[in-house]
Amino acid sequence: MATFPVSSGAEEHVVDKEYCCSICEEHNTEINATFYCKKCNKFFCGQCIHSHSKHGLWFNKQSPYGKDKIMKWPLSKKMENYLLTCDIHKDEQLTKFCKDHSRLCCYTCVVLDHSRCTQVKVFSEVKRQSSDVKKLSVRVSKTLSRLKKLQSYREDNRRSMQGSYAEFERNKVKTMRLNIQSFLVQCDDTSMNETFETMEYTLDEIRQKVNLLLTEFENCSIKEQKEKLKLKQAPLISVIKTCIRHHGELLPLHEAMQKVKYQPELSLIAHYKCLDKIQQCEIYMNENFSDELFSVKGVSKYKVRIFRDSNTCLIIAVCALPDGQVLVADWLNYKVKLLNQQYQVVSHWGVNARAWDMCLITPSEAAVALGDHGVQFITVTQSKLVPGRRLQLQQDCYAIVHHKGDLFICSKTALYKYSLSGTLVCRLYEDTSASDTVYKCAVSPTGDRLYITNPEQNKLLTLARDGTLLATFTDPALRSPCGLHVTPAGQVLVCGWGPYTILQVGWEGESKLATLATQKDGVSWPQSVCYSSTTSSIIVGQYRDNIVVFRVE
């Protein structure tokens, strides 16, 4: 990814060295342009604009566009060269697109990495929906907003740290002054009726004592605290700088998309380079901004019962697919159902055992936990559910989570780690004090934390990646916790069977951040909870014939 110079305010438009004054360039000098004239098709710096009298005064209606109207400027040559250049092979231009991997390719990319792909197309053969462009534009805006929010959040943290240190330093200085004043008062009291020769404290002794107090002040914990402050601030400063850099790289790409929307090939390249940058930003933000609070903006209910169901639906698991479709596991009716983007049931697959849980393996493949019947893999193909392979495990499987090639399996009293091929790696945690102590599990985006619900004892547990217990969370608003989900940003969601609540818990697993929904909001016997980043919605499965969808920000 090319780096575009950024000013101190990441929200400012980035034009430094991107556009150079056309007049100055004729004299072999590179000066940042501050104006563009559409009629002349030239750029002007602050000096050369005063000689631009071709269309009357430069500040009238015919005036060139300033930086405040940069969207009216054409795409710069530097940005055009950047768009056309392969990010991996810098000396080659992009010529094709691999639909199998959704990757822009140069000749070397095709030869080395995509020679076996069946869908490598020249740009003119690649079609995009207009809705894709709109969705990406919305996604860019959200990403830029989140970057700004993360930057502001970390700046607030830094100011708070600096304020605490300043208060600590003021107290130390005050103590040092009082000590010196106290000593001088003592000297004054003992020397009031004495001559210079009979003074208890000589000038040298007074000087030595004051110097000693000053040395004690210098050697006190101020230096240590200052070093601690520097160490604590270092990661905050790193996040702030990285947010500014990401903002400064994504914004010009977004602007470029608008400027080349009528140039099919450049528009396609800008689209996918912008998408790639968004993914980089999201990965970074997910690792550094896990306690962003959800705010509920709306609620809707959708029926998930079909005519072949003989029982009330009990939606024990929900999985949101990246394309906006949703998978739900109906425990009482022995089915896995596929919902379209409007939350209508469009396909179902009958299970020969109860489906206890479900997780995504790939954007189109899910694994279903079938208790003592192992794990069944199913694929979503053209809005149909197609069963695949089945794994028979050494332990019963009542909950399942996938993270980077590892499967985490709950047996109701223990948590196990398996490979995708079904090989047992290890037992991470066990609690045999009751029958349902390890009910559902979830994994943080970085894989360094595991979360477990214990409905028997009304607990949410947080484990390290090796199974070490890190935290135990209980709350009167969370009884019989069952459904559990960690968003791509690391936010922890948990639902309680009684009272009917959906909570957001801090990533450390130690505190409640918010009660997002209760029975008043339509929640009844909640069983599962899932967040869809595609639709910005929290989906709640329950012991009812409908699911509840909360639109959040």
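Shown above is the structure to which this text applies.
The notes below deal with the structure included here. (Residues numbered from 1 in each chain as written. Predicted model: local features only at pLDDT ≥ 70, side-chain atom pairs only at ≥ 80, totals over all residues. Heavy atoms only, no water.)

## Remarks on the overall build of the chain
Heads up, the condition is: Counting from the N terminus, the helices are DSSP H or I runs at least four residues long and the strands are E runs at least two residues long. Three exposure classes are used, based on accessible area relative to the maximum for each residue type with a 1.4 Å probe and protein chains only: buried under 20%, partly exposed in between, and exposed over 50%. By the convention used here, residues are in contact when the closest approach between their heavy atoms is within 4.5 Å. Calculation of accessible area relied on Shrake-Rupley with a 1.4 Å probe; when residues are assessed, cover is drawn exclusively from the protein chains displayed.
Counting its regular elements, the chain contains seven helices and 30 strands. Scored against the burial criterion, the 553 residues of the chain give a buried share of 48%. In the chain, the proportion of contacts linking residues at least 24 apart, taken out of those at least 6 apart, comes to 51%. Roughly 28,200 Å² of accessible area belongs to the chain as shown, and the carbon and sulfur atoms make up 49% of that amount.

## Comments concerning the sheet that holds strand S6 (residues 120-122)
To be explicit about the condition: A pair of strands is considered paired only if DSSP assigns at least 2 bridges between the two. Axis angles are defined between N-to-C directions and span 0 to 180 degrees, where every axis is a line fitted to C-alpha atoms and, for a helix, only to the segment in contact.
Taken in spatial order, the three strands of this open sheet run S5-S4-S6, and their pairing is antiparallel. Edge positions in the sheet fall to strand S5 (103-105) and S6, since each of these pairs with one other strand and no more. Taken over all neighbouring pairs, the strand axes of this sheet differ in orientation by 30 degrees on average, direction set aside. Pairing between strand S4 (residues 96-98) and S6: three bridges, direction antiparallel. Bridged to Cys98 within S6 is Val120.

## Concerning the pattern of salt bridges
Quick reminder of the rule: Just to be clear on terms, a salt bridge is a Lys or Arg side-chain nitrogen sitting within 4 Å of an Asp or Glu carboxyl oxygen.
If you walk through the whole model with that rule in mind, you get 16 salt bridges. Asp545 is the partner of Arg305 in a salt bridge, and the nearest nitrogen-oxygen pair spans 3.3 Å. Linking Arg305 in the loop between strand S7 (296-303) and strand S8 (315-320) with Asp545 in the loop between strand S29 (537-542) and strand S30 (546-552), this pair joins segments that are 240 residues apart in sequence. Since its relative accessible area comes to 28%, Arg305 is described here as partly exposed. A relative accessible area of 23% places Asp545 in the partly exposed class. Between Arg427 and Glu430 there is a salt bridge, with the nearest N and O atoms lying 3.1 Å from each other. Here the salt bridges do not stand alone but share partners, grouping Asp309, Asp330, Lys335 and Lys337 into one network.

## Examining helix H7 (residues 264-288)
Owing to its 3.6 residues per turn, the α-helix brings residues three or four apart onto one side. Put simply, the rule reads: An expected span of 1.5 Å times one less than the residue number is assigned to each helix.
For H7, which comprises 25 residues, the first-to-last C-alpha distance of 36 Å matches the rise-based estimate of 36 Å (1.5 Å per residue) to within 8%. Most of H7 is tucked away: 18 of the 25 residues are buried.

## Structural notes on the sheet that holds strand S16 (residues 399-403)
In space, the four strands of this open sheet follow the order S16-S17-S18-S19, with antiparallel pairing throughout. For this open sheet the edge positions go to S16 and strand S19 (424-430), each flanked by a neighbour on one side alone. For this sheet the average axis-to-axis angle between neighbouring strands, irrespective of direction, equals 20 degrees. The pairing of S16 with strand S17 (residues 406-410) spans five bridges and is antiparallel. Looking at S17, one finds that His403 is bridged to Asp406.

## Thoughts on a nonpolar patch on the surface
Our working rule: Think of a patch as exposed residues, more than 30% relative accessible area, with no salt bridge, where like charges cluster within 9 Å and nonpolar side chains (Val, Leu, Ile, Met, Phe, Trp, Tyr) cluster within 5 Å.
A grouping of Tyr107, Val111 and Leu112 is seen on the molecular surface, where their side chains present a nonpolar patch of about 350 Å² in accessible area. Within the element layout of this structure, Leu112 appears in helix H3 (residues 107-113).

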